[in-house]
Amino acid sequence: MPCCAQQLPLPIYSSTNIPNFRACHSRITCSSSSSSSQSDDNGGNRGQPHVILVERYGNGTAKRYLVDDELQVQTFVEELSPKPDTTSHSSHFSNTQLSWLPDIVKDFIFPAGFPGSVSDDYLLYMLLQFPTNVTAWICQTLVTSSLLKAVGVGSFSGSTAAASAAAIRWVSKDGIGAVGRFFIGGRFGNLFDDDPKQWRLYADFIGSAGSIFDLTTPLYPAYFLPLASLGNLTKAVARGLKDPSFRVIQSHFAISGNLGDIAAKEEVWEVTAQLLGLGLGILFLDTPGLVKSYSTLVTTWMVMRLLHLWLRYQSLSVLQFNSINLKRACILVKSHVLYSMVPGISSCNKEENILLWPRFMTPRITFGVPLEEMIFGEKAAPTVKALLKLYAKEKYILVVNRQRSDFEVFVSFKVGATSMSVLRSLWQAYWLHENWNTSSVALEQLAQSHLEMEDRFEDFIQQLNGIGWDTLQINLKVPREISLDELNPI
């Protein structure tokens, strides 16, 4: 099996098809397995590098890290078949039976961790649900044509083609909008469990942008179809964010397993509000001068929309989740590091910033970093050995990025890492942020932070359980694009 080797005095990257890392110039020598065997026969095992770990990538490639007697780190990149998921539950449609389906397609249409993350009847239900939905939309198209005829677009005795053409345009508008939901569901489906409050609010912002396209149709009637289609597309994206997020919120309400009842009663509230809103909207439209003045109509819409967004923010702010996502975990960890105590569920949820994007949080923590980016300098091999020894009992490796002026932490996870591993790395990262000294030795500070984490993390978990936090529902996802597998622990 052909492979490429490179020495590692600096953080350099090979040009193989692995996740998007920063590229820089490096000297790479390639050798085949046969030449390697010949060198082994001639030179024996004396001075032969030994593999210390393997960095596996989600696309099936792997990078082996080797250390020789001269303490030089070498890397070998090779194509490998993905490991079978031995943790998945038995299913009528296992990964083996779906091996013909490209991974990119499976990631797009199935939930993360499929088939182990769903029940055995999930796929069979979805396969039958798909043609069911197809027939429903065929019926919807035909019904739309009948409705348009009823309002005067063609007639059964007249021009049927006119009604059919109008129906095609109208359904095409809906179809373009459905593309937005298709994209959101396939690309971002694994995000809604982590932060439903944020995505529910973002859905309203995007929906507001979609309404702007609808408002501009009177100004450009010749472009009604493209403008209405863009509006539908944008609002469909908003719906793709709204529906999954709200289902998570409904599940949060159903503490007695009464999700169906809660969803039904939510419909009662929503329909009541809809009828009241429609009535007030008709009243506004009947107001003299409002219909004739476009600027007044737009101003009224803008005021109502801003009020709507403010009320949405207020409603989401009162939610009190007892699960731990990244934002709440950072609040909890920081409080325990500084004050040796954790805030309650109510105060933590109030402190949580719904609008803040996680990448802009302080300190900056980057998960799923390749090992080459974490080590640098002339002492790469001793650094690797020291890190492997320091984190021998952990499912992650954490370092501070000294290439940036501001504080940043890199974390790479080992095979078998869990949400608890992410939480432990967060605690250590926050301790380092509060106690980091740029003039001290980095490895010594990493060792001290890890020792502090080991001594205090158990108290942290006990406090969380004591005040009602659900430590069994920690929504801190481990990046699966990169994982480290120790073959020769030090």
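Keep in mind that this is a model prediction, so the values were computed, not measured.

Undergrad: Tell me about the overall build of the protein, residues and numbers included.
TA: The number of helices and strands found in the protein is 14 helices and nine strands. Out of the 490 residues belonging to the protein, those deemed buried represent 37%. The contacts of the protein with a sequence gap of at least 6 include a subset with a gap of at least 24, amounting to 68%. Of the accessible surface of the protein, which amounts to about 28,000 Å², a share of 60% is contributed by carbon and sulfur atoms.

Undergrad: Quick one: what's the story with the pairing of strand 7 (residues 396-400), residue by residue and with numbers?
TA: Strand 7 sits mainly inside the fold: five of its five residues count as buried. Alternating residues of strand 7 divide into Tyr396, Leu398 and Val400 and Ile397 and Val399, and every residue in both groups is buried. Inspection of the sheet shows strand 7 paired to strand 8 (residues 408-413) by five bridges, in the antiparallel sense. The partner of Ile397 across the bridge, within strand 8, is Ser412.

Undergrad: Go over the packing of helix 9 (residues 326-339) against helix 14 (residues 442-466), please, and point to the residues and values.
TA: Running from N to C, helix 9 and helix 14 point in directions that differ by 125°, and their axes come no closer than 11 Å. Put simply, helix 9 runs oblique to helix 14. Crossing angle aside, the handedness with which helix 9 passes helix 14 is right-handed. Between helix 9 and helix 14, the residues in contact are Leu332, Val333, His336 and Val337 and Arg456, Asp459, Phe460, Gln463 and Leu464, respectively. Per-class residue counts for the contact of helix 9 with helix 14 are five nonpolar, two polar and two charged.

Undergrad: Which residues make up a nonpolar patch on the surface, and what values go with them?
TA: Where nonpolar side chains cluster on the molecular surface, the patch consists of Leu276, Leu280, Leu283, Phe284, Val303, Met304, Leu307, Trp310 and Leu311 and spans about 870 Å² of accessible area. Only helix 7 (259-285) and helix 8 (294-317) provide two or more residues apiece to the nonpolar patch. By residue number, the principal contributor to the nonpolar patch is helix 8, which donates five residues. When you line up the elements, Val303 lands in helix 8. A residue is classified by how much of its surface remains accessible, and Val303, at 46% relative accessible area, is partly exposed.

Undergrad: Any chance you could break down the layout of surface pockets for me, citing the residues and the numbers?
TA: One number sums up the size of the second largest pocket: a volume of about 2,300 Å³. Lining the second largest pocket are 47 residues, with Glu270, Ala273, Arg305, His308 and Arg312 sitting closest to its centre. Take the lining of the second largest pocket: its biggest share by element is 16 residues, from helix 7. Along the lines of polarity and charge, the residues of the lining of the second largest pocket split into 24 nonpolar, nine polar and 14 charged.

Undergrad: Account for the packing of aromatic side chains, with residues named and values stated.
TA: What the rule picks out here adds up to seven aromatic pairs. A ring pair is formed by Tyr202 and Trp357, whose centres lie 5.9 Å apart and whose planes are at 15°; its orientation type is stacked. You can see Tyr202 sitting in helix 5 (residues 196-215) and its partner Trp357 sitting in the loop between helix 10 (345-351) and strand 6 (364-367), a full 155 residues away along the chain. For Tyr202, a relative accessible area of 16% corresponds to the buried category. Here the aromatic rings of Phe367 and Phe413 are separated by 5.7 Å at their centres, their planes lie at 35°, and the arrangement is tilted. Taken together, the residues span a long stretch of sequence, with Phe367 in strand 6 and Phe413 in strand 8 at a distance of 46 residues. Overall, the relative accessible area of 23% leaves Phe367 in the partly exposed class. Following the ring pairs from residue to residue traces out a cluster consisting of Trp199, Tyr202 and Trp357.

Undergrad: Explain the sheet that holds strand 6 to me, and be specific about the residues and the numbers.
TA: The strand order across the open sheet built from three strands is 6-8-7, with neighbouring strands paired in mixed fashion. Strands with a single pairing partner mark the edges of an open sheet, and in this sheet they are strand 6 and strand 7. In this sheet, adjacent strand axes meet at a mean angle of 20° when their direction is disregarded.

Undergrad: Tell me what's going on with the confidence of the model for the protein, and back it up with residues and numbers.
TA: Confidence in the prediction of the protein, expressed as mean pLDDT, is 75, and 65% of residues score 70 or more. Overall, residues 5-46 carries pLDDT values under 50, and its contacts beyond four positions in sequence, including any with other chains, amount to 70 contacts. Within the model, pLDDT remains below 50 along residues 82-92, and this stretch shows 16 contacts once partners closer than five positions in the same chain are excluded.

Undergrad: Requested: an account of the nonpolar core, with residues and values cited.
TA: Leu398, Leu423, Leu446 and Phe460 are the most contacted members of the largest nonpolar core, which has 54 residues in total. If one sorts the elements of this core by residue count, helix 13 (residues 419-435) sits on top with eight residues. Discounting chain neighbours no more than four positions away, the residues touching Leu423 are Ala329, Val333, Phe457, Phe460, Ile461, Ile474 and Leu476. Leu201, Ile249, Leu316 and Leu319 belong to the second-largest nonpolar core, a separate cluster that totals six residues.

Undergrad: Before we move on, could you go through helix 5 and cite the residues and values that matter?
TA: For helix 5, spanning 20 residues, the distance from its first C-alpha to its last is 29 Å, which sits close to the expected 28 Å at 1.5 Å a residue. In terms of residue burial, helix 5 counts as a mostly covered element, since 14 of its 20 residues are buried.

Undergrad: Account for unusual backbone geometry, with residues named and values stated.
TA: For residues that are not glycine, phi is negative in most cases, and the peptide bond is trans in most cases. With omega at 0°, the peptide bond leading from Thr362 into Pro363 counts as cis. Topologically, Pro363 is positioned in the loop between helix 10 and strand 6. The phi dihedral of Ser340 falls on the positive side, at around 60°, and the residue is not glycine. Structurally, Ser340 can be placed in the loop between helix 9 and helix 10.

About the cut-offs
Residues numbered from 1 in each chain as written. Predicted model: local features only at pLDDT ≥ 70, side-chain atom pairs only at ≥ 80, totals over all residues. Heavy atoms only, no water. Helix = DSSP H or I, 4+ residues; strand = E, 2+ residues; numbered from the N terminus. Buried < 20%, exposed > 50% of the residue type's maximum accessible area, 1.4 Å probe, protein only. Contact = heavy atoms within 4.5 Å. Areas by Shrake-Rupley, 256 points an atom, 1.4 Å probe, with all protein chains shown as cover. Pairing = 2+ DSSP bridges. Axes fitted to C-alpha atoms, helices over the stretch in contact; angles between N-to-C directions. Parallel < 35°, antiparallel > 145°, perpendicular 65-115°, else oblique. Left-handed = near helix turned anticlockwise from the far one by under 90°. Nonpolar A, V, L, I, M, F, W, Y, C, P; charged D, E, K, R; others polar. Patch = residues over 30% accessible without salt bridge, like charges linked within 9 Å, V, L, I, M, F, W, Y side chains within 5 Å. Salt bridge = Lys/Arg side-chain N within 4 Å of Asp/Glu carboxyl O. 1 Å grid on protein atoms, 1.4 Å probe; cavity = no way out; pocket = protein on both sides within 12 Å on 5 of 7 lines; lining within 4 Å. Points joined across faces, edges and corners; volume = space filled by probe spheres on them. Phe/Tyr/Trp six-rings, centres within 6.5 Å; stacked < 30°, edge-to-face > 60°. pLDDT = per-residue confidence, 0-100. Core = buried A, V, L, I, M, F, W, Y, C linked by side-chain atoms within 4.5 Å. Expected span 1.5 Å × (residues − 1).

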